[in-house]
Amino acid sequence: MLIRGPERADPTRRSALFTLALVPLLAGRAALAEAPLVVASKSDTEGALTGAMIAQVLSRLGLPVERKLGLGPTLIVRASLLSGEVTIYPEYTGNGALFTGTETDPVWKSPQGAFDTIRRRDAERGLVWLQRAPANNTWLIAVNGDLARREGLATMADFARAARAGLIRLAASTEFVESPAALPSFEAAYGFTLSLDRIVSLPGGDTAVTARAAAEGISGVNAGMVYGTDGALAALDLTVMSDPLGAQIVYEVAPVIRAEALARHPAIGPALARVFATLDAATLRRLNARITVEGEVAESVAARHLAENGLLP
């Protein structure tokens, strides 16, 4: 009887089996590597603009990108970032007060303090704040240009003087009028009080309405609640009152990205830092105006700004 020794495996067959075993593993790794970076924004003009800039820069870096611009209000987009459904989106430093429940902490009224605080707190959540834009999109008050020139109004101290003299009629949202962080904060810091009969209070927060009312003198209004980088400010004869005492929380926009995504693609940081460094208040007002006043599309406005300033990698 022929006794056979241990059967040797066919090397060709063994290689084939090994390759087949690797297929699911390699496919999983490939899917992970090719998973798009989800770029989101809130449903506002400036969010669409800065979100489009982020998406275009990431695409030029050769990274797969999925756009979810205009995803929703602050808390929805923030929750999506924390859950991992979103990879990166533009957010304002001052909203760190909301995220941490520390709205009364004076640190949020300092540009550097606000940025450092939310950057440190979000690092604990696996999020990284990249370089912020040098533009404060906080609540401000803009005054009719004729009145400002006639009375020499440039700061909130000047505004307070005019208010005490009975020269001001303000259009603002109910939230701006009632929130301790808004008009009451201005009143406390600069020593004035606007009585309710000197305020036209609106239920919504559309600053395009309040700014136009101030510019055109609608219903006797000569001052309006605005945001620091509103596009309408570039198109209307308004003078924005500066806030030298820092009565308001600082809202500077910056990309916020999940830490693991930045670790995989470190080139994102310096590429976006170059972009956001160019977005001062005057620039954002001009770019926002091209969308809200001139009717251009946010993607096109973003692309032109990046191209004209040599900001595409």
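Before going into details, it helps to say that this report is about the structure given with it.

## Concerning the packing of helix α2 (residues 45-60) against helix α13 (residues 281-292)
- Running from amino to carboxyl end, α2 crosses α13 at an angle of 105 degrees, the nearest separation of the two axes being 10 Å. Classed by the angle they form, the pair α2 and α13 counts as roughly perpendicular. Taking contact as the criterion, the partners of Thr45, Glu46, Leu49 and Met53 in α2 are, on α13, Leu284, Leu287, Asn288, Ile291 and Thr292.

## Looking at the nonpolar core
- Residues Leu49, Met53, Leu58, Ile268 and Leu272 are the most contacted members of the largest nonpolar core, which totals 33 residues.
- In contact with Ile268, not counting residues within four places along its chain, are Leu37, Leu58, Leu61, Leu63, Leu130, Ile257 and Leu262.
- Counting residues in hydrophobic clusters, the runner-up holds 27 residues, among them Val143, Ala162, Phe176 and Tyr190.

## Considerations on the side chain of Asn95
- Here Asn95 shows up in the loop between β3 (88-92) and α4 (96-100).
- Among the residues examined, Asn95 registers a relative accessible area of 12% and is labelled buried.
- Filtering out sequence-adjacent residues up to four positions away, Asn95 remains in contact with Lys42, Thr74 and Tyr251.

## Some points on unusual backbone geometry
- With a phi close to 55 degrees, Ser219 is a non-glycine residue in the positive phi region.
- With respect to the secondary-structure elements, Ser219 resides in the loop between α10 (207-216) and β8 (223-227).

## Regarding the pattern of salt bridges
- Counting across every chain of the model gives 14 salt bridges.
- In this structure, Asp146 engages Arg149 in a salt bridge whose closest nitrogen and oxygen atoms are separated by 2.8 Å. With Asp146 and Arg149 both in helix α6 (residues 145-151) and three residues apart, the pair spans about one turn of that helix.
- Note that Glu296 and Arg304 form a salt bridge whose closest N and O atoms lie 3.4 Å from each other.
- Since its relative accessible area comes to 39%, Arg304 is described here as partly exposed.
- Residues participating in the shared-partner salt-bridge network are Arg78, Asp122 and Arg125.

Reading the values: rules and limits
Residues numbered from 1 in each chain as written. Predicted model: local features only at pLDDT ≥ 70, side-chain atom pairs only at ≥ 80, totals over all residues. Heavy atoms only, no water. Axes fitted to C-alpha atoms, helices over the stretch in contact; angles between N-to-C directions. Helix = DSSP H or I, 4+ residues; strand = E, 2+ residues; numbered from the N terminus. Parallel < 35°, antiparallel > 145°, perpendicular 65-115°, else oblique. Contact = heavy atoms within 4.5 Å. Core = buried A, V, L, I, M, F, W, Y, C linked by side-chain atoms within 4.5 Å. Buried < 20%, exposed > 50% of the residue type's maximum accessible area, 1.4 Å probe, protein only. Salt bridge = Lys/Arg side-chain N within 4 Å of Asp/Glu carboxyl O.

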